[in-house]
Amino acid sequence: MTAPILPTLLRLAAPNVLAMAMSVLVGVAEIYYVGRLGTAPLAAMALVFPFAMLTQMMSAGAMGGGVSAAISRALGAGDLERAHSLVQHALVIGLGAGLLYSLVMVWGGPHLYALLGGQDAVLQEAVHYGQVLFSGAVLVWLLNTLASVLRGTGNMKTPSVILVATAALQIVLSGVLALGAGPVPPMGMVGVAGGHLVASAAGVAYFLAYLIQGRGRLGLKVQGFALQKTMFADILKVGAIACLSPVQSVLAILIFTGLLAQQGTEALAGYGIGQRLEFLLIPIAFGIGVAAVPMVGMAMGAGKVDRARRVAWTAGGVSAFNLGWIGAVVTLAPDLWARLFTQDEAVLGFARQYLVTAGPAFAFFGLGLTLYFASQGAGQVIGPVLAGTARLVLVAGAGYVLAQNQGSADSFYMLVAVAMVAYGFLTAAAIWLTPWGPKSRVIT
């Protein structure tokens, strides 16, 4: 807790960024496989993907951040017994939340896809894909909860290595099952979902074995476990509130998707290509933000509030830089991304429009998202969540006006860019204005 901030942050973030880079490759591979299946499956993925990303964001970035923050604060205060108990309670939360998400999406998914404008072949593909994918949502929740436990101890390497291996396995399995290979028949979008679930199950099995064997700073004790409200509260006071942020982000995307679906299948498929890149920016910002959580949490646990705030601002700046250059690349050369997934000129036209318009705003999105993660370490997430609320209101209100006035696709994409910029500025303002506690006497 006295090491230089930027070098320490980059050292901790490096394994996470590698793991998140693999998740980006998973996203690219999946949309490539689906693009090989045709325009209807590509449009169907645009309907299902926000809900798939929501469970990732909630389990890894929101509730996962709450888990890491609670454990890091306990370790920062020197309370090892509390930290061990938090591991057990975190798994209960992950298991319960995953089962609930499966129930909601398996039952309600078809209605949601139809509400978003899915029809005929597009709706049929979305339902088949979603039913398989979300039947295993509990595996995603457990995988990310277990990774968050280890990150809370400051161990970034082990969860990153396992997530990289899981992602590599998913890429291979999804391709084989979706497109077929040798004796394996092509299963289409269902195969993409199946590969995801098998790989996630393998990752969960390894993490459980790692913790039960006590190979890390904290272990999973399977005996003598008693539920305690205070332990749940320590995680949920950050994680539950933080879950509102990804819900708001996905709601904004869903509202936008529903409005854009009215312009036809090509417009929806083209937006799906651009939308996938927007979602893949989240893991990149996550790689920096998740490294900041234990640094902030341990500093707060030790009473070093000034250091905690400096960690947050440093992480936000690094993330803004990373996403900023990605935005610059796709703004100047949108075909580098768009042509990976389709050669249909009508679809490409919409994808180019999105990338050129929204790309310049990616830096602000990265700033806001990483500051949101850092605020979890301090247990002060209300301000960043309200910034997400403002983004949602802006998208819904302005989107409704554009729809009523028959706005063009380009005007909708401009709305996305403006909303990203607003989110970045408002989150930064919330961090600046929210007191995290009394100033520490010792600044290192």
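As the structure is a prediction and not an experimental result, all values here were calculated from the model.

Focus on the overall build of the chain
Piece 1. When its secondary structure is counted, the chain shows 16 helices and 0 strands.
Piece 2. Expected size for 444 residues packed as a compact globule is a radius of gyration near 22 Å; at 21 Å, the chain falls within 12% of this value.
Piece 3. Projecting the C-alpha coordinates of the chain onto the three principal axes gives extents of approximately 60 × 50 × 35 Å.
Piece 4. Of all intrachain contacts in the chain linking residues separated by at least 6 positions in sequence, the fraction that spans at least 24 positions is 85%.
Piece 5. A total of about 16800 Å² of accessible surface is found on the chain, and carbon and sulfur atoms cover 69% of it.

Thoughts on the nonpolar core
Piece 1. Counting 123 residues, the largest nonpolar core has Tyr-101 and Phe-134 as the members making the most contacts within it.
Piece 2. Of the residues forming this core, the biggest block, 23 residues, is contributed by helix 2 (residues 39-76).
Piece 3. Phe-134 has contacts with Val-48, Phe-51, Ala-52, Tyr-101, Ser-102, Met-105, Val-106 and Tyr-113, leaving out every residue within four places of it along the chain.
Piece 4. Core analysis: the next-biggest nonpolar cluster, separate from the first, contains 26 residues, Met-295, Ala-315, Val-318 and Ile-431 among them.

Considerations on the environment of Val-198
Piece 1. Along the chain, the position of Val-198 falls in helix 7 (residues 189-212).
Piece 2. With relative accessibility at 46%, the residue Val-198 sits in the partly exposed group.
Piece 3. When the C-alpha atoms of Val-198 and Leu-123 are compared, they prove to be 25 Å apart, with 75 residues separating the residues in sequence.

Here's the deal with the packing of aromatic side chains
Piece 1. If you walk through the whole model with that rule in mind, you get 9 aromatic pairs.
Piece 2. Between the aromatic rings of Tyr-32 and Tyr-33, the centroid separation amounts to 6.1 Å while the plane-to-plane angle is 65°, which identifies the pairing as edge-to-face.
Piece 3. Seen from their ring centres, Tyr-354 and Tyr-413 are 5.5 Å apart, and the 90° between their planes marks the pair as edge-to-face. Placement of the pair is Tyr-354 in helix 13 (residues 345-358) and Tyr-413 in helix 16 (residues 409-433), with a sequence separation of 59 residues. For the pair formed by Tyr-354 and Tyr-413, the shared burial category is buried.
Piece 4. Stacked on the ring of Trp-436, the Lys or Arg Arg-309 has its end atom at 5.1 Å from the ring centre.

Details of the confidence of the model for the chain
Piece 1. A residue-level look at the chain finds 97% of positions with pLDDT of 70 or above and a mean pLDDT of 86.
Piece 2. In this model, residues 439-444 is a region of pLDDT below 50 whose contacts with residues beyond four sequence positions or in other chains number 13 contacts.

A look at the packing of helix 13 against helix 16
For any two helices packed against each other, one specifies the inter-axial angle together with the distance between the axes.
Piece 1. At a closest axis distance of 8 Å, the pairing of helix 13 and helix 16 adopts a crossing angle of 30°. When the axis of helix 13 is compared with that of helix 16, the two are roughly parallel. In the crossing of helix 13 with helix 16, the sense of the turn from one axis to the other is right-handed. Contacts from Phe-350, Gln-353, Tyr-354, Thr-357 and Ala-358 in helix 13 reach Ala-409, Asp-410, Tyr-413, Met-414, Val-416, Ala-417 and Met-420 in helix 16.
Piece 2. Its residues assigned to classes, the contact of helix 13 with helix 16 shows 9 nonpolar, 2 polar and 1 charged.

Considering the packing of helix 10 (residues 265-301) against helix 13
Piece 1. Their axes nearest at 7 Å, the elements helix 10 and helix 13 cross at an angle of 40°. The orientation of helix 10 relative to helix 13 falls into the category oblique. The handedness of the crossing between helix 10 and helix 13 comes out as right-handed. Mapping the contact onto sequence places Glu-266, Ala-267, Ala-269, Gly-270, Tyr-271, Ile-273, Gly-274, Gln-275, Leu-277 and Glu-278 in helix 10 and Ala-346, Val-347, Phe-350, Ala-351, Tyr-354 and Leu-355 in helix 13.

A short note on helix 5 (residues 137-152)
Piece 1. The end-to-end C-alpha distance of helix 5, which contains 16 residues, comes to 23 Å, matching closely the 22 Å that a straight helix rising 1.5 Å per residue would cover.
Piece 2. Taken across its 16 residues, helix 5 has 15 buried, putting it largely inside the fold.
Piece 3. Looking one or two residues past helix 5, Gly-154 carries a phi angle of roughly 90°, positive in sign.

Quick look at the environment of Leu-54
Piece 1. Here Leu-54 is to be found in helix 2.
Piece 2. Along the primary structure Leu-54 and Asn-405 are separated by 351 residues, whereas in three dimensions their C-alpha atoms are 30 Å apart.
Piece 3. Not counting the four nearest positions on each side in its chain, Leu-54 is found in contact with Tyr-101, Pro-246, Val-247 and Val-250.

Overview of unusual backbone geometry
With glycine set apart, most residues show a phi of negative sign, and most peptide bonds adopt trans.
Piece 1. Of note in the backbone geometry, Asp-120 takes a positive phi value of approximately 50° without being a glycine.
Piece 2. Tracing the chain through its elements places Asp-120 in helix 4 (residues 120-135).

So, the pattern of salt bridges
Piece 1. In this structure the tally under the stated criterion is 7 salt bridges.
Piece 2. With its nearest N and O atoms 3.2 Å apart, the salt bridge here joins Asp-234 to Arg-82. Of this pair, Asp-234 sits in helix 8 (residues 229-242) while Arg-82 sits in helix 3 (residues 80-115); the two residues are 152 residues apart in sequence, bridging distant segments of the chain.
Piece 3. A relative accessible area of 8% means that Asp-234 is categorised as buried.
Piece 4. The salt bridge partner of Glu-345 is Arg-352, with a shortest N-O separation of 3.7 Å.
Piece 5. Here the salt bridges share partners, and the residues they tie into one network are Arg-73, Arg-82, Asp-234 and Lys-237.

Quick word on helix 9 (residues 244-261)
Piece 1. In this model, helix 9 (18 residues) spans 25 Å end to end at C-alpha, consistent with the 26 Å of a helix rising 1.5 Å per residue.
Piece 2. Most of helix 9 sits inside the fold, with 14 of its 18 residues counted as buried.

Reading the values: rules and limits
Residues numbered from 1 in each chain as written. Predicted model: local features only at pLDDT ≥ 70, side-chain atom pairs only at ≥ 80, totals over all residues. Heavy atoms only, no water. Helix = DSSP H or I, 4+ residues; strand = E, 2+ residues; numbered from the N terminus. Rg over C-alpha atoms; globule rule 2.2 N^0.38 Å. Contact = heavy atoms within 4.5 Å. Areas by Shrake-Rupley, 256 points an atom, 1.4 Å probe, with all protein chains shown as cover. Core = buried A, V, L, I, M, F, W, Y, C linked by side-chain atoms within 4.5 Å. Buried < 20%, exposed > 50% of the residue type's maximum accessible area, 1.4 Å probe, protein only. Phe/Tyr/Trp six-rings, centres within 6.5 Å; stacked < 30°, edge-to-face > 60°. Lys NZ or Arg CZ within 6 Å of the ring centre and 35° of its normal. pLDDT = per-residue confidence, 0-100. Axes fitted to C-alpha atoms, helices over the stretch in contact; angles between N-to-C directions. Parallel < 35°, antiparallel > 145°, perpendicular 65-115°, else oblique. Left-handed = near helix turned anticlockwise from the far one by under 90°. Nonpolar A, V, L, I, M, F, W, Y, C, P; charged D, E, K, R; others polar. Expected span 1.5 Å × (residues − 1). Salt bridge = Lys/Arg side-chain N within 4 Å of Asp/Glu carboxyl O.

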